[in-house]
Structure formats: C-alpha cells, structure tokens
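What the coordinates show
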Amino acid sequence: MDRQIYKDAVEKTLEKNIFYHSLALETCMGGIYDYLKTNNQLDQNEPPKEDWLLSGLIHDIDYVGEFKEFHPNKTKEALKKLDLEIPDSIDQIVKAHAPSITNINPTSKAQWAIFCADSLTGLIVAVAMVYPSKKLSDVKVSSVLKRFLKEPRFAAGTRRDEVAQCELPEGLNIPLEKFIEICLTSIQQIAPEIGL
Ligand SMILES: [Fe+2]
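Scope of this entry: the structure provided in the associated data block.

Conventions we followed
- Residues numbered from 1 in each chain as written.
- Predicted model: local features only at pLDDT ≥ 70, side-chain atom pairs only at ≥ 80, totals over all residues.
- Heavy atoms only, no water.
- Salt bridge = Lys/Arg side-chain N within 4 Å of Asp/Glu carboxyl O.
- Helix = DSSP H or I, 4+ residues; strand = E, 2+ residues; numbered from the N terminus.
- Buried < 20%, exposed > 50% of the residue type's maximum accessible area, 1.4 Å probe, protein only.
- Donors = N, O, S within 2.8 Å, 3.2 Å for Na, K, Ca; no water.
- Tetrahedral: all angles 85-135°; square planar, octahedral: opposite > 155°, others 65-115°.

**Let's talk about the pattern of salt bridges**
Here the structure, examined in full by the defined rule, presents 11 salt bridges. Ionic pairing is found between Glu193 and Lys7, a salt bridge with its closest N-O pair at 3.7 Å. Pair noted here: Glu193 is in the segment after α11 (176-188) and Lys7 is in helix α1 (residues 3-13), with a separation of 186 residues, a long-range link. When its relative accessible area of 15% is taken as the criterion, Lys7 is described as buried. Lys49 is the salt-bridge partner of Asp34, the closest N and O atoms lying 2.9 Å from each other. Placement of the pair is Asp34 in helix α2 (residues 16-38) and Lys49 in helix α3 (residues 49-58), with a sequence separation of 15 residues. Asp34 sits in the partly exposed class, given a relative accessible area of 35%.

Next up, the structure:
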C-alpha cells in the first residue's frame, strides 16, 4: 500500500484542519508503536507498523458528506469512492477509535493506540497555539500535562477520560506523562507539514 496515494486522498477529501489532524495521528501511531516495540510490549499478533500508520492516516476519511453521520463506519465506502481499499484488519483498528458508534472496543495495542491518541492531538496543537511563538518545538510535556489535568475546559474536545486509558494494564500500559511525551515528540517531528 502506497502511503502517498492515501495521503493525497485524505488531503483532497477532508478540510485542512482534519487533514492535519490525520497526519498528527498517523505520526503518533508510529511513535506509540516504536515505544512499545523498544520496550518489548508488542506481541506477535500485532499488525505491522505500516498498518498502525495507515489507520491513523485514514481514520477520518469518511468524516465528510454523505458518510459523515455514520463516521467511522463508512471508511471502506469512502475509500472505494476514491478507488482505494483497505483490509478488514485496518478497518477494525479505525473503528476502535469510536467504540460508542461502532461497537468495536479496543483490544489490540493498535486499537488502544488509536483510541487513546485520537483526541490528544487537538490538545497538543492547542497548547502550541497559545505560545507566543506558536511553535510546536517550544511545547513542553509539562505544559501539555498541566493543561490536561488542571484545565478541563482548555481544548475541551479532548476526551481526557479516553486519553487517560493509556495507563490501563490491559491496554497500552503507558503512564500518562510518557504517553503525552510520545505523542508530543511524534507530532513535533512533522510540525512543518502541519503548519506549526
Ligand atoms: Fe480523529
């Protein structure tokens, strides 16, 4: 699967801010994968890293037009309109980012990663935006953590209860501060691509 083709599809289908969010989640998925791999926390039946990345990249592709009200249950249909396909395994990862709609609860690490990281990207970007420089490279883990824990109305769209489930032993088993660090450093690596 050629990442560039999917990236182009996401870019031309979604509004710019959701496109940027998609790139942010893609890189977070990669960062979480790398962390778990390094720490020997991935079992053999986890999907390959490419699947983690692609799931993040395309997870909002049906959040538009006729499919929007069914998001993320129409990922395959939305991609089909663009002459693209994904295997069921990736569709199942995508569906796990919205269990209340899809009835797919996260079970694999890849599913936990997309579930916990999805709405954290918005908080991280919002913290950068309140810095005088508006630069992601200036953002500190401690600043994100403080806004996360002590300012629930800041970036209120961030589902803090879901992000915090990164700590669940049956899920990712990553401390919240470390999880924020992984996602922040991942997004910092693509900052110029998302205008930050
Ligand atoms: Fe999303």
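**As for the coordination of the iron ion**
Each angle at a metal carrying four tetrahedral donors should ideally be 109.5 degrees, and each at a metal carrying six octahedral donors should ideally be 90 or 180 degrees. The coordination sphere of the iron ion contains the protein donors His21 (NE2), His59 (NE2), Asp60 (OD) and Asp118 (OD), at a distance range of 2.0 to 2.7 Å. One way to put it: the four donor atoms around the iron ion meet at angles of 80 to 173°, and that makes the site irregular. Spacing between the donor residues of the iron ion along the chain follows H-x37-H-D-x57-D. On the criterion of sequence distance, the pair formed by His21 in helix α2 and Asp60 in the loop between α3 and α4 (75-80) is long-range, its members being 39 residues apart.

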